[in-house]
Amino acid sequence: MTRTRIVRWLAAITVLASVVVPLTAAEAAPAPVTADDGARVAEEVRVDARTVDLRIESPALGTSAWVRLLVPRGWDADRTRAWPTLWLLHGCCADVDYKSWTEYTDVAALTADKDVLVVMPSDGRAGMYSAWWNFGMSNKPDWESFHINEVRQIVERGYGAGPKRSVAGLSIGGYGALAYSFRHPGMFAAAASYSGVPNTMLYGIPNFIQTILMREGLPMYNLWGNEFLQRAMWTARNPYDNVEALRGVKLYVSSGNGSTGPLDKPGAFDMIEPLSYISSRSFTDRLKQRGIAVTTNYYGNGTHTWPYWERELHASWPILAAGMGLPA
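Predicted, not measured: the structure shown is a model, and the values here were computed from it.

A. Spotlight on helix α6 (residues 205-215). The complete set of buried residues in α6 reads Ile-205, Pro-206, Phe-208, Ile-209, Gln-210, Ile-212 and Leu-213. Note on α6: the residue one or two positions beyond its end, Gly-217, has a positive phi of about 75°.

B. Quick look at the sheet that holds strand β3 (residues 63-70). The strand order across the open sheet formed by nine strands is β1-β2-β3-β5-β4-β6-β7-β8-β9, and the pairing between neighbours is mixed. The open sheet has two free edges, formed respectively by β1 (40-46) and β9 (295-298), since each of these has just one partner strand. The average angle at which neighbouring strand axes cross in this sheet is 20°, direction not considered. The pairing of β1 with strand β2 (residues 51-58) spans six bridges and is classified as antiparallel. Bridged to Val-41 within β2 is Ile-56. The strands touched by helix α8 (residues 272-289) within the sheet are β8 (250-255) and β9, with β8 carrying the most contacts at an inclination of about 145°. Contacts from helix α9 (residues 306-323) reach β4 (83-89), β6 (161-170), β7 (190-194), β8 and β9 within the one sheet, and its direction differs from that of β7 by about 165°.

C. How the structure looks around the nonpolar core. Of all hydrophobic cores here, the largest spans 63 residues; its most connected members are Leu-69, Phe-146, Tyr-159 and Leu-251. Looking at which element gives the most residues to this core, the answer is helix α5 (residues 172-183), with seven residues. Counting 25 residues, the second-largest nonpolar core is a separate cluster that includes Val-96, Ala-190, Tyr-252 and Leu-320.

D. Structural context of the pattern of salt bridges. Taken as a whole and assessed by the stated rule, the structure comprises 19 salt bridges. Residue Arg-183 is joined to Glu-144 by a salt bridge in which the shortest nitrogen-to-oxygen separation is 2.8 Å. In this pair, Arg-183 is assigned in helix α5 and Glu-144 in helix α4 (residues 143-158), connecting sequence segments 39 residues apart. Here Glu-244 ties to Arg-290 by a salt bridge, and the two come within 3.4 Å at their closest N and O atoms. Within this pair, whereas Glu-244 is found in the loop between α7 (231-236) and β8, its partner Arg-290 is found in the loop between α8 and β9, the two being separated by 46 residues in sequence. Judged by relative accessible area, which is 40%, Glu-244 ranks as partly exposed. Since its relative accessible area comes to 38%, Arg-290 is described here as partly exposed. Taken together, the shared-partner salt bridges connect Glu-43, Arg-55 and Glu-57 into one network.

Parameters and conventions
Residues numbered from 1 in each chain as written. Predicted model: local features only at pLDDT ≥ 70, side-chain atom pairs only at ≥ 80, totals over all residues. Heavy atoms only, no water. Buried < 20%, exposed > 50% of the residue type's maximum accessible area, 1.4 Å probe, protein only. Helix = DSSP H or I, 4+ residues; strand = E, 2+ residues; numbered from the N terminus. Pairing = 2+ DSSP bridges. Axes fitted to C-alpha atoms, helices over the stretch in contact; angles between N-to-C directions. Contact = heavy atoms within 4.5 Å. Core = buried A, V, L, I, M, F, W, Y, C linked by side-chain atoms within 4.5 Å. Salt bridge = Lys/Arg side-chain N within 4 Å of Asp/Glu carboxyl O.

Here it is, written out as structure tokens:
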């Protein structure tokens, strides 16, 4: 082959490459997954065969936050299927986040043989599953819009989440599970609260919530204001004051009493679980007074710790499964 022919041959290959390669890459690139307000997946990390982490750029938060997905068998081959979806909400504070359910419980093993997609979103250090008031100057961070609108739309449009949903949470995540269920009727068919605070207006509970915020370096009145001066804001977000909106939702509520229990080390005791107990008990008493069905498990001795929440996830599974249309 002459030098002239070699030059022409190389030139032709260069031209073909410049045309074919970009087209192929463009055709292979997936369409971006976005929510209605422009929230988008900025980063996707495949942690292992069943665990996918998403970093979402969120207009509702004004920053990005993570969501962990625990995917079912067959998910990779069929992301377009509408999988039954379980939302698991974490508690506070700095040592708890969107990864905690998979790190501290056996939720991966529990769901390994089940056709369920598990969604575990961040709520920050103590977002309280709410839009923040900030004295009327800003509603950011708006964790409620992040979860209910942005995360939901993204996982349903690009990651196989379907409309059959249940939700469960621990501590302030238990509050979040019940608050989201009454504030967004029809979104969740079943809701479970483990050691939650479903009556935020019960004596002592506002101070407990404000103490959590201060401990995390957050202005305590920026959330919902003062419980007396901004009472309407507190009651609008209090499950206890809105039980009628939970009629028809399959409900599960549990708590210990804070004393050393069977899953604790000897001598364990905490001051948080008794508050969860009295808040939860007042809430379920009100449900029963109104004739609204609820399954309760006030198991006595037990602290505000992960071994009990793992056990309660198992105990409440039949109710959560029923909400997703799955066998118990």
